[in-house]
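Read off the chains here:
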Amino acid sequence: MECISIFDMLKIGVGPSSSHTLGPWRAAERWILELKAKGRFNAIEKIQVQVYGSLSLTGKGHATDYAIMLGLSGADPVNIPIENIHNIVAEIKENNVLIFGGERPLPFHYKENIIFNREFLPFHANGLKFEAFLKDGRKKSKTYYSIGGGFVISKKRKNAKKKIATFNTFPYPIQKGQQLLNYCNLEQKSISDIVLQNELSLRSAAEIDTQLKKVWDTMLECIYIGCHTEGHLPGGLNVRRRAFEIHKSLMSNAEDYDTPEKWLQAIRKTKVKFRQILKWVSCFALSVNEVNASLGRVVTAPTNGSAGVIPSVLLYYLVIENHNANFEHVKKFLLVAGEIGSIFKKGATISAAMGGCQAEIGVSSAMAAGALTELLGGSPEQVLMAAEIAMEHHLGLTCDPIGGLVQIPCIERNSMGAIKAINAAELALDSNPKDAKVPLDKVVQTMWETAKDMNSKYKETSQGGLAVGVFLSDC
């Protein structure tokens, strides 16, 4: 049984896409480590990268070429100063030289050494192959698959599962929602308690708190930056940032502040009528994904394209529902959200290239709905009911980004996913789970069947839907 940590589901990285940006970036880093382990790193005189399928069709709009160059240069997406990204890429383009692994210069013409191929590899829609040309004339290559959410594998998923299971088994191994509920009932614990016990088998309580705080701080900083940055997004669509203006109107009479923490206190003193609440949640969600679209730092939740749903719903709880909330509430929310996301990953997919946007916004909405339900006092059964409701009303959602950019309709969809998550939580809290007709596991299975039936035009290829219905010239 595959053991997935919540920190695998909630990764810190750089936008705009976890599968098309973070995944290739991590694959490049991993390739370099493997080359060094085999003693080939210093024997290389030329490198080339072949990009396939969805990764190729929308790669340039998703900054896949940037990610590959940054990964090959030895930069890390968690720590790189965001302002350095464009400088590193500009230097490579201008000088036709890449500092391989941050250690040795190699000739690199980005238009020639990164090759975008329209064909799909058999295993997954997001494939890329790294090729190393050695000084002795040999060529060595390695193929990786970016399977969504920043996850990267080099072998078939079946083998990957076996490998993971051999080195670690959680005290409460979970593949499906029903297994999670069984543990909760047997131990008389909440979902967050069960998930925490699994995490404690990997790291100490202090390490868990430190990492969760880093995840939340990154989310909060991302929202803060998005709400305080105006202008237009890069990429050619000329999309105007909206979070800035919405935030400005909502905070028109608020007190002064100079930190994100003081900002939260100021928000708590604003009006909380229904329309304002809707605007706040939308503002939070939009802000994250506007930062994401600008190659900013976000948390995959479970992907970059859906990174705005979970932090916006969590912030809704902190500034609207419970003014006395503290880190323990944040911790519980993220533990529950991460576990629900892992159930979808194991039973279906979190890759839009495999399942359309239901795999991103749908899963993130389910994660947020379940997590919010626990914080609002819901039972484990109601938590999974909320997750099911949220996904049920995202089934079949297509991925059709205009111009291959994670902007239209992607940014707005985070707002819609967040609102649906809150509504799903409320519906679950007012319902008796014994009366539910559709369990979470059934909707996970249905989502996967829907994904397999979906035409490839609607799976992050920009070959259908809005991507062909709206022309760049119209924008």
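So, a few notes on the structure that sits alongside this text. Here the structure is a predicted model, which is why all the values come from computation and not from measurement.

### With respect to the overall build of the protein chain
Part 1: Of the regular secondary structure elements, the protein chain holds 21 helices and nine strands.
Part 2: Relative to the 2.2 N^0.38 estimate, which gives 23 Å for 475 residues, the radius of gyration of the protein chain is 22 Å and therefore close to what a compact globule would have.
Part 3: In terms of principal-axis extent, the alpha carbons of the protein chain reach across some 70 × 50 × 45 Å.
Part 4: Buried residues in the protein chain amount to 56% of all 475 residues.
Part 5: Positive and negative side-chain charges of the protein chain, numbering 54 and 47 respectively, have mean locations separated by a distance of 6 Å.

### Topic: the pairing of strand β7 (residues 139–148)
Part 1: The pairing of strand β6 (residues 126–134) with β7 spans seven bridges and is antiparallel. Across the sheet, residue Phe130 finds its bridge partner in β7, namely Lys142.
Part 2: Remark: four residues form the turn of the hairpin made by β6 and β7, two consecutive strands paired antiparallel; Gly137 in that turn has positive phi of roughly 95 degrees.
Part 3: Sheet topology places β7 next to strand β8 (residues 151–153); three bridges connect them, and they run antiparallel. Each residue of the ladder has a partner; that of Gly148, found in β8, is Phe151.
Part 4: Remark: two residues form the turn of the hairpin made by β7 and β8, two consecutive strands paired antiparallel; Gly149 in that turn has positive phi of roughly 70 degrees.

### With respect to the pattern of salt bridges
Part 1: Considering all chains together, one arrives at 16 salt bridges under this definition.
Part 2: The partner of Glu34 in a salt bridge is Lys142, and the shortest N-O contact between them spans 2.6 Å. Placement of the pair is Glu34 in helix α2 (residues 18–37) and Lys142 in strand β7, with a sequence separation of 108 residues.
Part 3: Lys269 is the salt-bridge partner of Glu255, the closest N and O atoms lying 3.2 Å from each other. Highlighted residues: Glu255 in the loop between α11 (243–250) and α12 (260–268) and Lys269 in the loop between α12 and α13 (274–293), separated in sequence by 14 residues.
Part 4: The exposure class of Glu255 is partly exposed, given its relative accessible area of 48%.
Part 5: Taken together, the salt bridges that share partners define one network made up of Arg26, Glu29 and Asp76.

### Section: helix α9 (residues 191–200)
Part 1: Among the ten residues that make up α9, seven are buried, leaving the element largely enclosed by the rest of the structure.
Part 2: Contact partners of the buried residues in α9: α1 (6–9), α8 (177–187), α10 (205–227), α15 (327–347), α17 (361–375) and α18 (380–392).

### Points about the packing of α17 against helix α19 (residues 410–429)
Part 1: Where α17 meets α19, the axes come as close as 8 Å, and the angle between the chain directions of the two elements is 40 degrees. With respect to their mutual orientation, α17 and α19 come out oblique. α17 and α19 meet at a crossing whose hand is right-handed. Together, Ile361, Ser365, Ala368, Ala369, Leu372 and Thr373 of α17 and Arg413, Asn414, Gly417, Lys420, Ala421, Ile422, Ala424, Ala425 and Leu429 of α19 make up the contact between the two elements.

Cut-offs used in this document
Residues numbered from 1 in each chain as written. Predicted model: local features only at pLDDT ≥ 70, side-chain atom pairs only at ≥ 80, totals over all residues. Heavy atoms only, no water. Helix = DSSP H or I, 4+ residues; strand = E, 2+ residues; numbered from the N terminus. Rg over C-alpha atoms; globule rule 2.2 N^0.38 Å. Buried < 20%, exposed > 50% of the residue type's maximum accessible area, 1.4 Å probe, protein only. Lys, Arg positive; Asp, Glu negative; His and termini not counted. Charge placed at Lys NZ, Arg CZ, Asp CG, Glu CD. Pairing = 2+ DSSP bridges. Salt bridge = Lys/Arg side-chain N within 4 Å of Asp/Glu carboxyl O. Contact = heavy atoms within 4.5 Å. Axes fitted to C-alpha atoms, helices over the stretch in contact; angles between N-to-C directions. Parallel < 35°, antiparallel > 145°, perpendicular 65-115°, else oblique. Left-handed = near helix turned anticlockwise from the far one by under 90°.

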